[in-house]
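# Breakdown of the fold
Each chain, written out:
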Amino acid sequence: MLFVASATMASAIPADYHWGDQGNGTYINPVLNADFSDPDVIRVDDKYYMVASDFHYMGMQVLESEDMVNWRYVSQIYSRLDESGWNEMKHYSGGSWAPAIRYHDGLYYVYFCTPDEGLYMSTAKSPAGPWAPLHLMKRVKKWEDPCPLWDEDGQAYLARSNYGAGPIIVHRMSADGKQLLDDGVTVYTGPVAEGPKWHKRNGYYYLLIPEGGVCCGWQTVLRSKNIYGPYEKRVVLEQGSTLINGPHQGSLVDTPDGSWWFYHFQETPVLGRVVHLQPARWVDGWPLMGVDIDGNGIGEPVYAWQKPLSLSSDYALQTTDDFSAPLGLQWQWNHNPHDSHWSLDERKGWLTLKPLPADSLKNCRNMLAQKVVGYKSESTTLLRADGNCRAGLFCIGKWFHGIGICPEGIYVEDGKEKRIVKRGKIKKLWLRVANDSQRNEHQLYYSLDGKRFTAVELPFPMRWGYWKGIRVGVYCYGDGGKAEFDFFNQVVEHKTSL
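Since the structure is predicted, the reported quantities are computational estimates derived from the model, not experimental observations.

Once that is clear, we can look at the pairing of strand E35 (residues 428–436). Burial within E35 is extensive, with seven of its nine residues counted as buried. In this sheet, E35 lies alongside strand E30 (residues 376–386) in antiparallel orientation, the contact comprising nine bridges. Among the inter-strand pairings, Glu 378 is bridged to a residue of E35, identified as Ala 434. Examined bridge by bridge, E35 and strand E36 (residues 441–447) share seven bridges and lie antiparallel to one another.

Right, here's the structure in full:
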């Protein structure tokens, strides 16, 4: 079996390997090699459920796992934010920040803050939904990272931080989880302290918090016998000698057999914030994570480890869609959808998008996106378009690249300008984008027959942006006409190297 803890041991890993489940009882980090920022995970019976920040993308996906390593989408919590600017593409970097998911008294609860609108929550009897309409607990700006706790005496609490990170503030909350009962008490102030997650164990209240910032921070644990403190502090996970930067902001989870594990993210320049899984254990009343390689009492992340559960699972992130109803759970609209301008029924087996006026891809209302998964992938679609619109396939992050059909022919745009690459009246076109996030080379292609694909211009670099990793998807904007997409396939290559 493969057990690797340190960058100095990287030579023990084969030059070519698959991230995630190895199929031999081991896994290699990241276990989710896609942008799931600020992951929060719980176990209910023998299943695991995850939510993550989605920022300006609609939905907030709920993921499920049987073995803690392989995941699939099971629902989305909401479809729109009925607030100012969400119909006009004005909230890039806004939206849902660092959610928490909890299970209490037969209900699943999800809490999150948006930087501009306030504190929201929703509930469901099943993680597969349906989820209740979003409830605005408090209209407030610049709160972030809420997490609830229901104590043994029935009293409920909510911990949170502030925009810009810190301090950590604890509120009393109504038993139904829908109201705050006070203005909160500051229990901790630290260097970029944020993202609190509650645990209660052996009479101690624990707050797991990331500190030090995303790129170069660490994981801290606070504990106290009193929910308002004073809290003891211990650093339990750091980058150390590894290449895994900023190992923090996540969830401590147990298995039915009593082992403990810690999920956290790592910020990468292209894919965004990918999810790692660390072994954890309790020592003298403190949760310790990873492996203490240098003997300083602080764990460091592992690259590979034995799977938490000796289960085989066929769960996998959905990345393809034949556009038969309903729309696949991997899809998320960029800002609010315009529901009268998209359809799966107008032409059966096709996604129809109707344009709205825009001056660029970034400001296009009809942008349907999914995460780029893995270091290398290819995404392909078949487009039919007519009328005075621009429609096609995109790759977006900090920058916005698209290829498609316009009235003059086949065109590309890169956020700065639009260029015709083949003139003529074209109604039907296969489109492809190849993503190599290790080399950071990305290439657009088109084909007139679905067999021979022509590369367009030179490969281009990408960067994550607006707090999100790169995404691919389809779009349509303009003054008239429509676009129809027959399918969308993102084929992921798991093989990579350190």
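From this point on, the discussion continues.
So, about the sheet that holds strand E11 (residues 135–139). In space, the four strands of this open sheet follow the order E8-E9-E10-E11, with antiparallel pairing throughout. This sheet does not close on itself; its edge strands, each paired only once, are strand E8 (97–104) and E11. The mean angle between the axes of side-by-side strands here comes to 20°, regardless of whether they run parallel or antiparallel. Sheet analysis places strand E10 (residues 118–124) next to E11, joined by four bridges and oriented antiparallel. Opposite Tyr 120, over in E11, you have Leu 136 as the bridge partner.

Attention now moves to the nonpolar core. By size, the foremost hydrophobic cluster in this structure holds 82 residues, and its most contacted members are Phe 36, Trp 71, Tyr 263 and Ile 403. When residues in this core are grouped by element, the largest group, five residues, is from strand E5 (residues 47–53). Among the nonpolar cores identified, the runner-up in size contains 17 residues, and Leu 149, Tyr 188, Leu 207 and Ile 227 belong to it.

Right, let's talk about the sheet that holds strand E34 (residues 418–423) for a bit. With respect to topology, seven strands assemble into an open sheet ordered E26-E29-E38-E31-E32-E33-E34, the strand pairing being antiparallel. The sheet terminates laterally at strand E26 (332–333) and E34, the two strands that pair on one side only. Across six bridges, strand E29 (residues 366–371) lies against strand E38 (residues 471–478) in antiparallel orientation. Following the sheet pairing, Ala 369 is matched in E38 by Gly 473.

Criteria and cut-off values
- Residues numbered from 1 in each chain as written.
- Predicted model: local features only at pLDDT ≥ 70, side-chain atom pairs only at ≥ 80, totals over all residues.
- Heavy atoms only, no water.
- Buried < 20%, exposed > 50% of the residue type's maximum accessible area, 1.4 Å probe, protein only.
- Helix = DSSP H or I, 4+ residues; strand = E, 2+ residues; numbered from the N terminus.
- Pairing = 2+ DSSP bridges.
- Axes fitted to C-alpha atoms, helices over the stretch in contact; angles between N-to-C directions.
- Core = buried A, V, L, I, M, F, W, Y, C linked by side-chain atoms within 4.5 Å.

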